[in-house]
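# Fold and geometry: a report
Read off the chains here:
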Amino acid sequence: METKETIRKFALLNAFGHEGKAQMQSVLGKILAEQPHLKTKIKEVANLVKEVVEEINKLQPGEQKRLIEKSWPEALLKEKIEEERILPSLPNVEKYKRVVTRFSPNPDCVLHLGSARAIVLCYEYAKKYDGVFYLRFEDTDPRLKKSALQFYDSIRRDLIWLGCKWDAEFIQSDRILIYYEHAEKLLSNGHAYVCTCQSKEFRRKILVKKPCPCRDLSPSDNFVRWKHMLNGAYKEGEAVVRVKTDLTHPNPAVRDWPALRIIDTTRYPHPRVGSKYRVWPLYNFACGIDDHLIGVTHIIRGKEHLTNQIRQEYMYTHFGWEYPEAIHYGRLKVTGASLSKSKIVEGVRSGVYRSWDDPRLATFLALRRRGIAPEAVKSLIIDVGPKTSDVTLSWENLYAHNRKIIDPVAKRYFFVHNPTELSVEKIPHPFVTKLPLHPDHPRKGFRYFKIEPKKNKASFLISSNDIDLLKARKKIRLMGLFNFKVEKIRKHLIEASFSSKSHEEAKKLGAPLIHWLPIDTGVSCEVTMPDASIAKGMAEENCKKLHSDDIIQFERFGFARIDKVDKGITAYFAHR
Ligand SMILES: [Zn+2]
């Protein structure tokens, strides 16, 4: 009975998200995800789901909504949010037992925003269809796209940070013998050949759709050459295995593409397997074979891979395999962010960037350090989806998503950037003022400030960035405290006099609100800005209680992530 009630809930919610018509498969998927033990009784459960869905689908949408509001009001809210940014369906899901996707980075750099689309879409689609998501390291170019041990781990950490945990992991440098085995199959069937032509010579022929002399070698001749590749008789650059394609294919880059080549690993050892192998698969060969062998059903990748699909399809035909569904999304540009791996690697190696998490970079490490929530990256990408048109985003788009997440939770503090002294006279009495840690959530608590004037005079720190404001407007309000009148602006001292306590009056006058600290209080604070410059100043005493990784807002300055708290505070700026 309890199960039936749960099915009712999912059916109603599903109907609500699909114009009043619940989808039997989705409801079944949800119930099995929540109560996996039911998988043993799948037939009964499916019948029950069918019965409930039919019953629910007879109801008017208004009635469905009323029932949800009555019994599961919170679920309705959550469902609404999820429905808002739902991904379009994948093609031909019903053809496969389960959806399998993969993210396949070359571990030659840390991950950055440019990889987010592949990761998030592959992960989210696998989740959506109760499928599996694989991580595959494509590390078969020890010469030009050389991987490094540190990046395997940093990529794993980046994925975990992003909340995209993979179900299984593959490393191509562990699979070299599998590629050899498949190369040998193609050679023995006459679908591939070992080409020893000089690449210039080969290109000259292929451009006019003519075969090179190696193409017609017998399988046994090819095997002799293949052994020469493996045993070192051929040197680097002297032989490649080519997969046969249609020589008249309109795109010359498709014609008889190279599948395996020799790399002198005594000179260019692989970081994991050293000089164990000298014949290495090229991208299309390794990727194409793996996608089939590990059972990828949906390849989701950028449209720059369209030609690769055409190349690989020839190989799939040779093996009698069926090519997976392929979804090619458009290019994603982020204005003002360098998403070039080689530039990032070069910049870090040469010291232009301090580290992989330098705030000028769009690496996940840098985003994390600045206090960008992984959920913000996720929701940004889900918003963009897998569409084929090119998309240009700005940092501001990412910040908008992040703001939605952190604004409701970030506690507020004062940070006086570039402080200067403000001396106020004619203060009638001492003040104890309390300011909320969050303006919308008084339950989060308050910060207290005590002002004890001597001879009716007290001094404050305010930001020199506000001096222009003081020059323009003679009446100013210290946030949460009182209003003052500017008397004289000197180089290191601003003289002022108390004007009134009333916030109403400040509002009426349109007096600007500025933040402040009582002089001789606070803790020194350095905020690393997105351009790697450092904003120095004083933060309020309460900040001493903060911890590394806290995300806060310095009022009128911006959101920041606390990096370190010891004698002083160091923080990283997120955005306004
Ligand atoms: Zn040749």
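Up top is the structure these notes are about.
Residues numbered from 1 in each chain as written. Predicted model: local features only at pLDDT ≥ 70, side-chain atom pairs only at ≥ 80, totals over all residues. Heavy atoms only, no water.

## A short note on the coordination of the zinc ion
The protein atoms donating to the zinc ion are Cys195 (SG), Cys197 (SG), Cys212 (SG) and Cys214 (SG), with metal-donor distances spanning 2.3 to 2.4 Å. Geometry at the zinc ion is tetrahedral, judged from its 4 donor atoms and the angles of 102 to 118 degrees they form at the metal. Written as a sequence motif, the donor residues of the zinc ion are C-x1-C-x14-C-x1-C. On the criterion of sequence distance, the pair formed by Cys195 in strand β4 (residues 192-195) and Cys214 in the loop between α9 (199-207) and α10 (219-231) is long-range, its members being 19 residues apart. What makes Cys195 buried here is its relative accessible area of 1%. Classification of Cys214 as buried rests on a relative accessible area of 3%. (Donors = N, O, S within 2.8 Å, 3.2 Å for Na, K, Ca; no water. Tetrahedral: all angles 85-135°; square planar, octahedral: opposite > 155°, others 65-115°. Helix = DSSP H or I, 4+ residues; strand = E, 2+ residues; numbered from the N terminus. Buried < 20%, exposed > 50% of the residue type's maximum accessible area, 1.4 Å probe, protein only.)

## Regarding the nonpolar core
In this structure, Leu113, Ile119, Phe133, Phe364, Leu367, Val377 and Leu398 are the most contacted members of the largest nonpolar core, which totals 48 residues. Here this core takes 10 residues from helix α6 (residues 113-128), the largest share from any one element. Filtering out sequence-adjacent residues up to four positions away, Leu398 remains in contact with Leu113, Leu367, Ile372, Ala376, Val377 and Leu380. Phe170, Val243, Trp257 and Tyr268 belong to the second largest nonpolar core, which has 39 residues in total. (Core = buried A, V, L, I, M, F, W, Y, C linked by side-chain atoms within 4.5 Å. Contact = heavy atoms within 4.5 Å.)

## Remarks on the packing of α6 against helix α15 (residues 374-384)
Running from amino to carboxyl end, α6 crosses α15 at an angle of 75 degrees, the nearest separation of the two axes being 9 Å. What the angle tells us is that α6 and α15 run roughly perpendicular. Contacts between α6 and α15 involve Leu113, Ala116, Arg117, Val120, Leu121, Tyr123 and Glu124 from the first element and Val377, Lys378, Ile381, Ile382 and Val384 from the second. Classifying every residue of the contact of α6 with α15 gives 9 nonpolar, no polar and 3 charged. (Axes fitted to C-alpha atoms, helices over the stretch in contact; angles between N-to-C directions. Parallel < 35°, antiparallel > 145°, perpendicular 65-115°, else oblique. Nonpolar A, V, L, I, M, F, W, Y, C, P; charged D, E, K, R; others polar.)

## A look at the state of the cysteines
What the rule picks out here adds up to 0 disulfides. Cys122 supplies the cysteine sulfur nearest to Cys164, a cysteine that is in no disulfide, at a spacing of 9.6 Å. Of all cysteine sulfurs, the one in Cys543 lies closest to Cys525, which takes part in no disulfide; the gap is 6.8 Å. Taking the relative accessible area as the measure of exposure, Cys525 reaches 2% and is therefore buried. (Disulfide = S-S within 2.5 Å.)

## Let's talk about the sheet that holds strand β19 (residues 483-489)
Taken in spatial order, the 7 strands make up an open sheet running β21-β18-β19-β20-β14-β17-β22, and their pairing is mixed. For this open sheet the edge positions go to β21 (513-514) and β22 (517-518), each flanked by a neighbour on one side alone. (Pairing = 2+ DSSP bridges.)

## Side note on helix α11 (residues 283-293)
For α11, a buried count of 8 out of 11 residues is recorded, marking the element as mostly surrounded by other parts of the structure. Those residues of α11 that fall on the buried side of the exposure criterion are Asn284, Phe285, Ala286, Cys287, Gly288, Ile289, Asp290 and Asp291.

## What about a nonpolar patch on the surface?
A contiguous nonpolar surface patch, about 320 Å² in accessible area, is contributed by Val432, Phe446 and Tyr448. Looking at the element boundaries, Val432 is found in strand β15 (residues 431-436). Judged by relative accessible area, which is 61%, Val432 ranks as exposed. (Patch = residues over 30% accessible without salt bridge, like charges linked within 9 Å, V, L, I, M, F, W, Y side chains within 5 Å. Areas by Shrake-Rupley, 256 points an atom, 1.4 Å probe, with all protein chains shown as cover. Salt bridge = Lys/Arg side-chain N within 4 Å of Asp/Glu carboxyl O.)

## A word on the environment of Lys457
Tracing the backbone shows Lys457 in the loop between β16 (446-451) and β17 (458-463). Take Lys457: its relative accessible area is 43%, and that puts it in the partly exposed class. For the pair formed by Lys457 and Asn231, sequence separation is 226 residues and the distance between their alpha carbons is 89 Å. In this view, Lys457 contacts Ser423, Val424, Glu425 and Ile427; residues no more than four positions away in its chain are not counted.

## Details of the side chain of Asn542
The residue Asn542 is located in the loop between β24 (534-539) and β25 (551-554) in this model. What makes Asn542 buried here is its relative accessible area of 17%. Engagement of the side chain of Asn542 in a polar contact is seen with the side chain of Glu540, the distance being 2.6 Å. Here Asn542 is in contact with Tyr413 and Arg447, once residues within four sequence places are set aside. (Polar contact = N/O pair within 3.5 Å; in protein donor to acceptor, adjacent residues only side chain to side chain.)

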